[in-house]
Structure formats: C-alpha cells, structure tokens
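# Residue-level structural notes
Here's the letter readout for the chains.
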Amino acid sequence: FVSVHDVTGCPNNCEDRCVLLKTTDDGASWENITVPNLKGIMYHLQSDASGRLYGFVNRTGTNGVVVYSDDDATTW
C-alpha cells in the first residue's frame, strides 16, 4: 500500500479525499482505492501479525484519527 494526497479540485475546491494505491504483484500493477468515508491524508500504514491494517488519517481542520481495516483496505 501507498497513500497519496488527492488534489482533485485544489486549490479552490479540494475534495480532501483519502486515496490508497494497492499492489499484490510487487508493484507491477496498482489498484487505486478511494476511501469515501475518510477525509484527509492517510499516513504510516502498517499491518499486525493477524493481517489487520492500521493507518493515521490527518483530517484538515481537525485532530487526526487512527483507523483500521480487517478486510485488506476494502472498508475502514
């Protein structure tokens, strides 16, 4: 996984969307995943021994939040 800053509509009407790029073949191809229920940029993606994926979302104008996914980034 790689998190990216989606600049759609910036600077005047930024959508502030959380977007991840996912690869399952060592980077030969990438899937673009927009996380619709999260606003901001996701940082520090890590997984634990059980496969749960964690990230920190820095939301514009608010405090950040720690999020997790149990289904390989499909839902958070």
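Residues numbered from 1 in each chain as written. Predicted model: local features only at pLDDT ≥ 70, side-chain atom pairs only at ≥ 80, totals over all residues. Heavy atoms only, no water.

Here we come to the overall build of the protein chain. Helices and strands together make up the secondary structure of the protein chain, namely zero helices and six strands. The linear arrangement of helices and strands in the protein chain, starting from the amino end, is β-β-β-β-β-β. When the backbone C-alpha atoms are referred to their principal axes, the protein chain occupies close to 40 × 30 × 15 Å. Split into buried and exposed, the 76 residues of the protein chain put 25% on the buried side. By sequence separation, contacts in the protein chain at least 24 residues apart represent 22% of the contacts at least 6 residues apart. Positive and negative side-chain charges in the protein chain, numbering 5 and 10 respectively, have mean positions lying 8 Å apart. (Helix = DSSP H or I, 4+ residues; strand = E, 2+ residues; numbered from the N terminus. Buried < 20%, exposed > 50% of the residue type's maximum accessible area, 1.4 Å probe, protein only. Contact = heavy atoms within 4.5 Å. Lys, Arg positive; Asp, Glu negative; His and termini not counted. Charge placed at Lys NZ, Arg CZ, Asp CG, Glu CD.)

Once that is clear, we can look at the nonpolar core. In terms of nonpolar packing, the biggest core is built from eleven residues, these being Cys18, Leu20, Ile33, Val35, Leu38, Met42, Leu53, Val57, Val67, Ala73 and Trp76. Going through the elements one at a time, strand E2 (17-22), strand E3 (31-39) and strand E5 (53-58) are the ones with two or more residues in this core. Once residues lying within four places of it in the same chain are set aside, the contact partners of leucine 53 are Phe1, Leu45, Gln46, Ser47, Val67, Tyr68, Ser69, Ala73 and Trp76. (Core = buried A, V, L, I, M, F, W, Y, C linked by side-chain atoms within 4.5 Å.)

Inspection of the secondary structure puts lysine 22 in strand E2. At a separation of 2.7 Å, a polar atom in the side chain of lysine 22 contacts the side chain of aspartate 72. For lysine 22, the contacting residues outside a window of four places in its chain are Phe1, Ser29, Trp30, Glu31, Ile33 and Asp72. (Polar contact = N/O pair within 3.5 Å; in protein donor to acceptor, adjacent residues only side chain to side chain.)

On to a nonpolar patch on the surface. Where nonpolar side chains cluster on the molecular surface, the patch consists of Tyr43, Phe56 and Val66 and spans about 270 Å² of accessible area. Within the secondary structure layout, phenylalanine 56 lies in strand E5. (Patch = residues over 30% accessible without salt bridge, like charges linked within 9 Å, V, L, I, M, F, W, Y side chains within 5 Å. Areas by Shrake-Rupley, 256 points an atom, 1.4 Å probe, with all protein chains shown as cover. Salt bridge = Lys/Arg side-chain N within 4 Å of Asp/Glu carboxyl O.)

Turning to the sheet that holds E3, a few remarks are in order. Read from one edge of the open sheet, three strands run E1-E2-E3, paired in antiparallel fashion. Two strands in the sheet have a free side with no partner beyond their single neighbour: strand E1 (2-5) and E3. Sheet twist, expressed as the average angle between the axes of neighbouring strands with direction ignored, equals 30°. Bridge count for E2 against E3 is six bridges, and the pairing is antiparallel. Across the sheet, the residue bridging to valine 19 is threonine 34, located in E3. (Pairing = 2+ DSSP bridges. Axes fitted to C-alpha atoms, helices over the stretch in contact; angles between N-to-C directions.)

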